[in-house]
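Chains, contacts and geometry: an overview
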Amino acid sequence: MKHEAICAGSFDPPTDGHINIIERGLKIFDRVVVAVAVNTSKESLFTADERVKMLQEIFKGQEKVEIDAFDGLLVNYARKRGIHTILRGLRTVGDYDFESQIALANKTLDHEIEILYMMTEGKYAHLSSSIIKEIISFGGSGCGMIHPIVAERLKEKLLKGKGRHRR
Ligand code: ADP
């Protein structure tokens with residue numbers, strides 16, 4: 001039997017923190033399905049399609065990683081895929097508070113689902129998609145925080161046209 005997990009999130013955009021969790025997940029699971037949330041309460045910078053494409057480029061050639069998108073409840077998507085394990089990353093106490101609520105809600109919705117949490121690696125502990133958007137928008141480098149493909153896409157989105165009006 002193949003052991004599979006779903007690593008779901010907004011990935012707006014994917015960071016090296018996300019990639020690290022997915023890659024470490026591959027040491028435990030035969031396959032990781034990276035599921036991009038299409039409609040979340042968060043307003044996104046990238047469309048779901050753009051987020052899927054970035055992840056596909058990042059994990060190009062990695063047969064054990066599948067990139068997909070889902071809409072609605074994660075438990076429904078997991079059930080539809082026949083996968084019972086969800087893999088999530090944990091960074092801070094703030095993450096813990098949020099994740100424990102989500103975990104309890106998901107368990108109530110579907111008792112068969114198990115959620116596994118992996119502690120972030122120290123260097124990614126303060127890395128989030130929001131922080132990286134801020135860094136790039138102020139002209140900083142995403143080196144060591146995002147994949148070059150993500151840096152390119154972020155610059156296109158956030159810096160295109162900027163500076164044209166500078167004197
Ligand atoms: P969501 O909107 O569902 O929180 P995110 O894309 O922000 O989606 O995060 C998806 C998952 O990745 C979550 O489990 C989150 O805690 C985890 N994650 C995000 N950034 C990091 C990081 N730097 N290190 C480890 N895990 C992370």
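Summarised in this report is the structure supplied together with it. All values reported here derive from a predicted model rather than from experimental measurement.

Here is what the cut-offs are and how they apply
Residues numbered from 1 in each chain as written. Predicted model: local features only at pLDDT ≥ 70, side-chain atom pairs only at ≥ 80, totals over all residues. Heavy atoms only, no water. Helix = DSSP H or I, 4+ residues; strand = E, 2+ residues; numbered from the N terminus. Contact = heavy atoms within 4.5 Å. Near = heavy atom within 4 Å. Polar contact = N/O pair within 3.5 Å; in protein donor to acceptor, adjacent residues only side chain to side chain. Areas by Shrake-Rupley, 256 points an atom, 1.4 Å probe, with all protein chains shown as cover. 1 Å grid on protein atoms, 1.4 Å probe; cavity = no way out; pocket = protein on both sides within 12 Å on 5 of 7 lines; lining within 4 Å. Sits in = over half its atoms within 2 Å of the grid points. Nonpolar A, V, L, I, M, F, W, Y, C, P; charged D, E, K, R; others polar. Core = buried A, V, L, I, M, F, W, Y, C linked by side-chain atoms within 4.5 Å. Buried < 20%, exposed > 50% of the residue type's maximum accessible area, 1.4 Å probe, protein only. Arc of directions from axis to C-beta.

The next point concerns the side chain of arginine 24. Relative to the elements of secondary structure, arginine 24 occurs in helix H1 (residues 16-25). With residues near it in sequence (within four places) discarded, arginine 24 still touches Met118, Met119, Thr120 and Glu121.

With that settled, the discussion passes to the site of the ligand. Close contacts around the ligand come from 16 residues, with Ser10, Lys42, Gly89, Thr120 and Tyr124 the closest. At 2.5 Å from an oxygen atom of the ligand is found a side-chain nitrogen or oxygen belonging to serine 10. Here threonine 120 contributes a side-chain N or O atom positioned 2.9 Å from a nitrogen atom of the ligand. Against a free-state accessible area of 550 Å², the protein chains account for coverage of 90% of the ligand. Placement of the ligand is best described as lying within the largest pocket. When contributions to the shell around the ligand are tallied by element, the ones reaching two or more residues are strand S1 (4-9), H1, strand S4 (85-90) and helix H4 (93-109). Examining the composition of the shell around the ligand, we find that 3 residues originate from one element, H1, more than from any other. Classifying every residue of the shell around the ligand by side-chain character gives 5 nonpolar, 6 polar and 5 charged.

This next bit is on the nonpolar core. In terms of nonpolar packing, the biggest core is built from 28 residues, with Val34 and Phe59 touching the most fellow members. Within the residue set of this core, elements represented by two or more residues are S1, H1, strand S2 (31-37), helix H2 (48-58), strand S3 (65-70), helix H5 (129-137) and helix H6 (148-159). Judged by nonpolar contacts, the second largest core, of 15 residues, contains Val33, Val75, Ile83 and Ile113.

A few words on H5. Every buried residue of H5 is listed here: Ser129, Ile132, Lys133, Ile136 and Ser137. The arc that holds the buried residues of H5, viewed along the axis, is 130°, so those residues lie on one side. At the C-terminal side of H5, glycine 139 shows a positive phi close to 85°.

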